[in-house]
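# Tertiary structure, described
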Amino acid sequence: MNPFEQVREGLAAFLAKEWGATVEVENLSIASAGARRRNVLFDALRDGERIPLVATIIPNAAVQIMPIEVEASHLRFAEAAGMPAPHVHAVCEDASFVGGPFFVTTRVAGETIPRQVLRLLEKDPALGPRLARQCGEALARLHAADPARAHPRIALAGSDPIEATLRAVEALVRELLQPSPAFTLALRALERERPPPPARLAVVHGDFRNGNLIVGPDGLRAALDWEICHVGDPMEDLGWLCQRMWRFRNDALEVGGFGARADLAAGYEAAGGRFEPVRFHWWKTMSTLRWGLGLAGQAKAHLDGSVPSIVMAASGRRVAELEWDVLMLLRRSFAP
Amino acid sequence: MQDRPTASELLASIADLLEQELLAATQGPLQHAARVAGSLCRILEREARLGAAQEAREIEVLAGVLGEPAGGRDALTLSETLVHRLDTGGDAALERRAWPALVEILRGKLAIAKPGHDAWDFTAELE
């Protein structure tokens, strides 16, 4: 049996067991196949009803950042908080069905590829501001939920996520294959200008950005990719969303290349959040530094043979872009 | 001296091959890889033309920040020295000298790695 057929039969068998019904699986297609996860789209047929679903499969349990049931619990937490996230139908830790642990969610229609998302905006100029506002509202709802109700194994950044992030980033700067004076200088400024610990900790998505959002003509439909969700500073999510790399050349639109910061902040505050501009700027700068280190890490993974790939190799030549961005964001610190 | 085509000319030809014929003949992840490889050839083409001058200027600028002679030094060692001195901390004058120097170095690097990236300077976001 080919692997595709095996996944189809495995999904049907698992859902039949889970739902206590006869289930057929049709229209299977692979939406993405990365080293760490595969997203498989399919229709489940139960008692004549056609249900559009997605299976998120961890092909190799050794590479998963968090156990599959923990990630699935974050989606459920978000949905309960009123943030648009795909509904989780079932979680399976048994690797025998499809070759790895997986969870099954509702398939939400819409665009996820950043350039396609930005193309929707060309058709409707009102969509960008609306989407930025909806992102603010969605994040405020997530951040308002009590972290004590999250999965007990959710990643914690301690009582001061600012300090924890500085120490983690400092270690990454030291481990760079090549010394980076720009990142070192940035780290010194971020250390000096660190905000106090946040007034309250929240569950943060961790990778909320253009590319991890499902967007339709009506706006935000769901946030995807919850694998680095953790307890931290709420402004971290807003800063990450607004770094330049997720604007895909629409540099003047700070929020994902589609909206203005004022719309994001207005949505965040309308849904009960408190937008803190100084803390936001710190996290945006920190996010830029972190992504630069992430790209350097990808080049390292190519060079040491752990993930040999021309795409990972190319990331090394993008680090200078992030060095530029981070120095510009810190201009006031060094060139008043 | 090698014969024509030069390294830069050859890399431009490889980029054309990858971005046109090979891109059209592939799909999915392989198509993405061909696109990335084409873009890397463009970077290497610019590096073949501009790299030596960029690195010489980087050495000069770094040595200037450190107050050391540039002669006989290389960019890696000077960068290591600067990182070490920034790490030691507390030298505000060094940091103020380093910022515009690193901006200049990055303009040179970006002219090779991503021309135009330095056109956006975040002024609107710092208001």
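Located above this text is the structure these notes cover.
Residues numbered from 1 in each chain as written. Chains lettered and ligands numbered in written order. Predicted model: local features only at pLDDT ≥ 70, side-chain atom pairs only at ≥ 80, totals over all residues. Heavy atoms only, no water.

## Section: the overall build of chain A
A count of helices and strands for chain A gives 12 helices and 10 strands. For 336 residues, the compact-globule formula gives about 20 Å, and the C-alpha radius of gyration of chain A, at 21 Å, lands near that figure. Along the first, second and third principal axes, the C-alpha set of chain A runs to 70 × 45 × 40 Å. For chain A, with 336 residues in total, the buried portion stands at 53%. Put simply, of all contacts in chain A between residues at least 6 apart along the chain, 69% involve residues at least 24 apart. Surface summary for chain A: the accessible area is close to 13,800 Å², and the carbon and sulfur share equals 54%. (Helix = DSSP H or I, 4+ residues; strand = E, 2+ residues; numbered from the N terminus. Rg over C-alpha atoms; globule rule 2.2 N^0.38 Å. Buried < 20%, exposed > 50% of the residue type's maximum accessible area, 1.4 Å probe, protein only. Contact = heavy atoms within 4.5 Å. Areas by Shrake-Rupley, 256 points an atom, 1.4 Å probe, with all protein chains shown as cover.)

## Topic: the overall build of chain B
Scanning chain B from terminus to terminus reveals 4 helices and 0 strands. Ordered by position in the sequence, the α and β elements of chain B form the string α-α-α-α. For 127 residues, the compact-globule estimate of 2.2 N^0.38 gives 14 Å, and chain B exceeds it by more than 25% at 19 Å. Counting only C-alpha atoms and orienting by the principal axes, one finds that chain B spans roughly 55 × 45 × 20 Å. Taken over 127 residues, chain B has a buried fraction of 39%. Restricting the contact set of chain B to residue pairs at least 6 apart, pairs at least 24 apart contribute 45%. Just so you have it, chain B exposes about 7,200 Å², and 58% of that area is on carbon and sulfur atoms. Each charge sign in chain B was given a centre, from 13 positive and 21 negative side chains, and these centres are 2 Å apart. (Lys, Arg positive; Asp, Glu negative; His and termini not counted. Charge placed at Lys NZ, Arg CZ, Asp CG, Glu CD.)

## Some remarks on helix H9 (residues 277-303) of chain A
The terminal C-alpha atoms of H9(A) lie 39 Å apart, and with 27 residues this matches the ideal 39 Å at 1.5 Å per residue to within 8%. Just downstream of H9(A), Gly305(A) is the residue with a positive phi angle, here 85°. (Expected span 1.5 Å × (residues − 1).)

## Quick look at the interface of chain A and chain B
Each partner contributes residues to the interface: chain A has 36 residues there, and chain B has 35 residues. Of the roughly 3,500 Å² buried at the junction of chain A and chain B (both faces included), carbon and sulfur atoms supply 69%. Across the chain A-chain B interface, the total number found is 8 salt bridges. Applying the counting criterion to the chain A and chain B interface returns 15 residue pairs in polar contact (both at pLDDT 80 or more). (Buried area = accessible area lost by both parts, 1.4 Å probe. Salt bridge = Lys/Arg side-chain N within 4 Å of Asp/Glu carboxyl O. Polar contact = N/O pair within 3.5 Å; in protein donor to acceptor, adjacent residues only side chain to side chain.)

## A word on the sheet that holds strand E6 (residues 155-156) of chain A
Residues and elements named next belong to chain A. One open sheet holds the 3 strands; their spatial order is E6-E10-E7, and the pairing between them is mixed. Of all strands in the sheet, those bounded by a partner on one side alone are E6 and strand E7 (202-204). Summarising the sheet, E7 and strand E10 (residues 230-232) pair through 3 bridges and their orientation is antiparallel. Counted as the bridge partner of alanine 202 is glycine 232 from E10. (Pairing = 2+ DSSP bridges.)

## As for the packing of aromatic side chains
All names here are of chain A. Under the defined criterion, the tally for this structure stands at 8 aromatic pairs over all chains. Ring centres 5.7 Å apart and planes at 50° place the aromatic pair tryptophan 240 and tryptophan 246 in the tilted group. Judged by its relative accessible area of 9%, tryptophan 240 is buried. Judged by its relative accessible area of 5%, tryptophan 246 is buried. Seen from their ring centres, tryptophan 246 and tryptophan 291 are 5.3 Å apart, and the 50° between their planes marks the pair as tilted. Pair noted here: tryptophan 246 is in the loop between helix H7 (234-241) and helix H8 (261-270) and tryptophan 291 is in helix H9, with a separation of 45 residues, a long-range link. An aromatic cluster of three or more residues is present, and its members are Phe14, Phe97 and Phe102. The ring of tryptophan 246 carries arginine 209 above its face, with NZ or CZ at 4.4 Å from the centroid. (Phe/Tyr/Trp six-rings, centres within 6.5 Å; stacked < 30°, edge-to-face > 60°. Lys NZ or Arg CZ within 6 Å of the ring centre and 35° of its normal.)

## Here we look at the pattern of salt bridges
Residues and elements named next belong to chain A. If you walk through the whole model with that rule in mind, you get 44 salt bridges over all chains. A salt bridge links arginine 50 to aspartate 43, with the nearest nitrogen and oxygen atoms 2.9 Å apart. Residue arginine 50 is classed as partly exposed on the basis of its relative accessible area, which comes to 43%. Ionic pairing is found between aspartate 218 and arginine 221, a salt bridge with its closest N-O pair at 2.9 Å. You can call aspartate 218 partly exposed: its relative accessible area is 42%. Among the residues examined, arginine 221 registers a relative accessible area of 30% and is labelled partly exposed.

In short, the description is geometric, and any link to function would need to be established separately.
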